[in-house]
Amino acid sequence: MAPSLPMDPNTWDVISFAVDKGHGVKGLADLGLETLPKQYIQPPEEQIIHSTVVTENSIPVIDLSNWNDPMVAEQICNAAEKWGFFQIVNHGIPIEVSENVKEATRQFFGLPAEQKNKHSKDNSPTNNVRYGTSFTPKAEKALEWKDFLSLFYVSDDEAAAQWPSAFRNEALDFMKKSEFVIRRLLQALMKGLNVKEIDETKESLFMGSKRINLNYYPKCPEPELTVGVGRHSDVSTLTILLQDDIGGLYVKKLDSDAWVHVPPINGAIVINVGDALQILSNGKYKSVEHRVIANGIKNRISVPIFVNPRPSDIIGPLPEVLESGEKPIYKQVLYSDYVKHFFRKAHDGKETVDFAKI
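Just so we're clear, the structure is a prediction, and the values are computed from it rather than from any experiment. (Residues numbered from 1 in each chain as written. Predicted model: local features only at pLDDT ≥ 70, side-chain atom pairs only at ≥ 80, totals over all residues. Heavy atoms only, no water.)

*Asks:* Can you help me understand the sheet that holds strand 11 (residues 269-273) in this one?
*Replies:* Paired through backbone hydrogen bonds, the strands of a sheet run either parallel or antiparallel to each other. Strands sit in the order 2-3-11-8-13-6-5-4 across an open sheet of eight strands; the sheet is mixed. Looking at strand neighbours, the two that pair on one side only are strand 2 (61-63) and strand 4 (129-133), the edges of this open sheet. With direction set aside, neighbouring strand axes in the sheet form an average angle of 25°. Sheet analysis places strand 8 (residues 238-243) next to strand 13 (residues 300-308), joined by six bridges and oriented antiparallel. Its bridge partner lying in strand 13, Leu241 is registered against Pro304. Sitting on the sheet, helix 3 (residues 70-82) touches strand 2, strand 3 (85-89) and strand 11, and the angle it makes with strand 2 is about 160°. (Pairing = 2+ DSSP bridges. Helix = DSSP H or I, 4+ residues; strand = E, 2+ residues; numbered from the N terminus. Axes fitted to C-alpha atoms, helices over the stretch in contact; angles between N-to-C directions. Contact = heavy atoms within 4.5 Å.)

Here it is as structure tokens:
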């Protein structure tokens, strides 16, 4: 039961309630607010109503039922170059695994605030489990309408000891069942970069660490004034995203100011290139800006797996990419430095990748 608070969101401390006490935006939504608290009002240029949305384009949908068909690898590389985003169907991740992790996500965010807040930055016994709201509240001029739980995977034993029991097994199952797909996608993408074989060193560089997030976007009063997630690109190698049937994810079309909706497709998984892969491919594969709008009618959830280099890895253009004499666009950077740079500021489109430019 949400606490009873004044209905005028400007007469009480919204930040203390949502951020510090752990009620999040779900707590705000449960109060039945009719107006959006001013702390969440985005500047007009960040509101989707002031953006160009094109409906005649959509990101590619790739059928993976026959991995051995050379056309499949070609479609994957082509989508990574031209869109940076694509959806996959017939990928082999069982539908019950996806449904279970979505249901477990709803269960977790339905817990009382004090239970969720045990995993906040201030309270969590480990940095590998983090419950929070918005993105980086202390660095943001306007907050985002989203709650999240972020889990950095170290080992099954560590997850058994530290991850909340409400969805631990479901999250681990989703990660394990997606492993095959991640490897096959990386094999196809590497062939397109002249990398003949993914040895242990390269595998560790491409997918040496993983993080899984549970995202909750409750229905919002005045959704057009805020965002679920602001414009950003991911810092991962690849992101594997499970979304529910509500919709609201928008991708920026390359070389334009237009945004394209990523419609939910039953059973599909959304794949996007992250900054690490853009850097490793020397800009051939594109990590593109994306955002999530708020919804005034329904709650939305999504579950991304971020496949990353290890924090201690140095990332830069792969030697195979530069073999033909191509000039490097990016310098060698320590991956943990790159990630810290991303998390210490508000979402700001594609600004992070400039950190690695020569």
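*Asks:* Hey, could you run me through the nonpolar core in this one?
*Replies:* Where a protein is soluble and globular, its nonpolar side chains tend to be buried together. If you look at the biggest cluster of nonpolar residues, it comprises 67 residues, and the most contacted ones within it are Ile76, Leu149, Trp163, Phe174, Ile212, Ile240 and Leu318. Of all the elements, helix 7 (residues 168-191) adds the most residues to this core, at 11 residues. With residues up to four places along the chain from it excluded, the contact list for Ile212 reads Leu149, Ser150, Leu151, Trp163, Ala171, Phe174, Met175, Val303, Pro304 and Ile305. In terms of nonpolar packing, the next biggest core, distinct from the first, is built from 15 residues, Tyr217, Val229, Val260 and Val262 among them. (Core = buried A, V, L, I, M, F, W, Y, C linked by side-chain atoms within 4.5 Å. Buried < 20%, exposed > 50% of the residue type's maximum accessible area, 1.4 Å probe, protein only.)

*Asks:* Would you mind going over the sheet that holds strand 9 (residues 249-252) with me for this structure?
*Replies:* Pairing in this open sheet of five strands is mixed, and the strands run 1-10-9-12-7 from one edge to the other. Each end of this open sheet is capped by a strand with a single partner; those strands are strand 1 (52-53) and strand 7 (229-232). Of the strand pairs in this sheet, strand 9 and strand 12 (residues 290-292) are connected by three bridges, and their pairing is antiparallel. Along strand 12, the bridge assignment pairs Val251 with His290.

*Asks:* What is the right way to read the packing of aromatic side chains from this model?
*Replies:* Geometry of an aromatic ring pair is reported as the spacing of the ring centres plus the angle between the planes. With the rule as written, the count across this model stands at seven aromatic pairs. Ring centres of Phe109 and Tyr216 lie 5.2 Å apart, and the angle between their planes is 20°; this geometry places the pair in the stacked category. Pair noted here: Phe109 is in helix 4 (residues 95-109) and Tyr216 is in strand 6 (residues 209-217), with a separation of 107 residues, a long-range link. Assigned by exposure class, Phe109 and Tyr216 land together as buried. (Phe/Tyr/Trp six-rings, centres within 6.5 Å; stacked < 30°, edge-to-face > 60°.)

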